[in-house]
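Topology and contacts: notes
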Amino acid sequence: MPSSSPLPLDPIEEAHRQWTEHGWGAVADGMAAVTSLVRAQQIMMARVEETLKPFGLTFSRYELLTLLTFTRSGALPMAKASARLQVHPTSVTNAVDRLEAAGLVRRVPHPTDRRATLVEITDEGRDLAVRATEELNAKVFAEPGLSPDKLDSLIRILTELRHQAGDFDTGDRPSKWH
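Overview of the structure. Note on numbering: residues in each chain are counted from 1, in written sequence order. Only residues with pLDDT of at least 70 get local features here, since the model is predicted, and only at 80 or more are side-chain atom pairs given and counted; chain-wide, interface and lining totals rely on the full set of residues. Water and hydrogen atoms were dropped before computing side-chain values, which therefore reflect all heavy atoms in the structure.

1. Structural notes on the overall build of the protein
Note on conventions: DSSP H or I runs of at least 4 residues are helices, E runs of at least 2 residues are strands, and numbering of each starts at the N terminus. Helices and strands together make up the secondary structure of the protein, namely six helices and three strands. Traced from its N-terminal end to its C-terminal end, the protein shows the element sequence α-α-β-α-α-β-β-α-α. Radius of gyration here is computed from C-alpha atoms only, and the compact-globule reference equals 2.2 Å multiplied by the residue count raised to the power 0.38. The C-alpha radius of gyration of the protein comes to 20 Å, more than 25% above the 16 Å expected for a compact globule of 178 residues. A principal-axis box enclosing the C-alpha atoms of the protein has dimensions of 60 × 45 × 30 Å. In this analysis, two residues are considered to be in contact whenever any of their non-hydrogen atoms come within 4.5 Å of each other. In the protein, once contacts between residues fewer than 6 apart in sequence are set aside, the share between residues at least 24 apart is 47%. Computed with a 1.4 Å probe, the accessible areas rest on the Shrake-Rupley method; for each residue, only the protein chains presented here act as cover. When the accessible surface of the protein is totalled, it reaches about 12,200 Å², and 57% of it is carbon and sulfur.

2. Focus: the nonpolar core
L57, L64 and L65 are the most contacted members of the largest nonpolar core, which has 26 residues in total. Of all the secondary structure elements, the ones that give two or more residues to this core are α1 (11-52), α2 (59-69), α3 (78-85), α4 (89-101), β3 (117-121) and α5 (123-141). Aside from chain neighbours lying at most four places away, what touches L64 is A81, L85, V92, A95, V96 and L99. Among buried residues, those of type Ala, Val, Leu, Ile, Met, Phe, Trp, Tyr and Cys that are joined through side-chain atoms within 4.5 Å constitute a nonpolar core. Throughout, exposure labels follow a simple rule: accessible area from a 1.4 Å probe, protein chains only, divided by the maximum for the residue type, with under 20% read as buried, over 50% as exposed, and the rest as partly exposed.

3. Here's the deal with α3
Buried within α3 are the following residues: M78, A81, S82 and L85. Axial view of α3: buried residues confined to an arc of 100 degrees, hence all on one face. More than 90 degrees from the buried face of α3, the exposed residues found are A79 and A83. On its buried face, α3 is in contact with α2, β1 (75-77), α4, β2 (105-109) and β3. Read the arc as the range of directions from the helix axis to the C-beta atoms.

4. Remarks on the environment of A26
Note that A26 resides in helix α1. By relative accessible area, which is 85% here, A26 ends up exposed. Through-space distance from the C-alpha of A26 to that of D113 is 54 Å; in sequence the pair is 87 residues apart.

Have a look at this one:
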């Protein structure tokens, strides 16, 4: 979350200086990169959460609702939702519990696999997801804080980082940013 007034110095730059001064100069750039990513994530999430708050949604619940709006049937097995959102199944269960209590999704038996449960979006959930997306598009995604050319560079760099970390593997198929 941004402070009420900007700091008179960049604390990450100061940490880099301190790292170097304390004999860790060889890893100071790595520390600054990781710390910068974490801080940028905090800044972005504050903007996202502020936008979603009037809808009674957290980002994780919003992501699940939106994922369900993208499916043909409006439903997915909970395990598949967990995989697509790249979160632990417990996180999906928690989100489904909250969304179900609010009448935005419902659990339904899988039609062909008795062991699986589907999470299905309700009409109210679909409407809320669309309205929340319109607000996020207008208040966050339309102006993420970087010029278009820098935004493209950032996406390419982060895509490379994610790929190298094993986040995805497109094989020989080229992707937009990789």
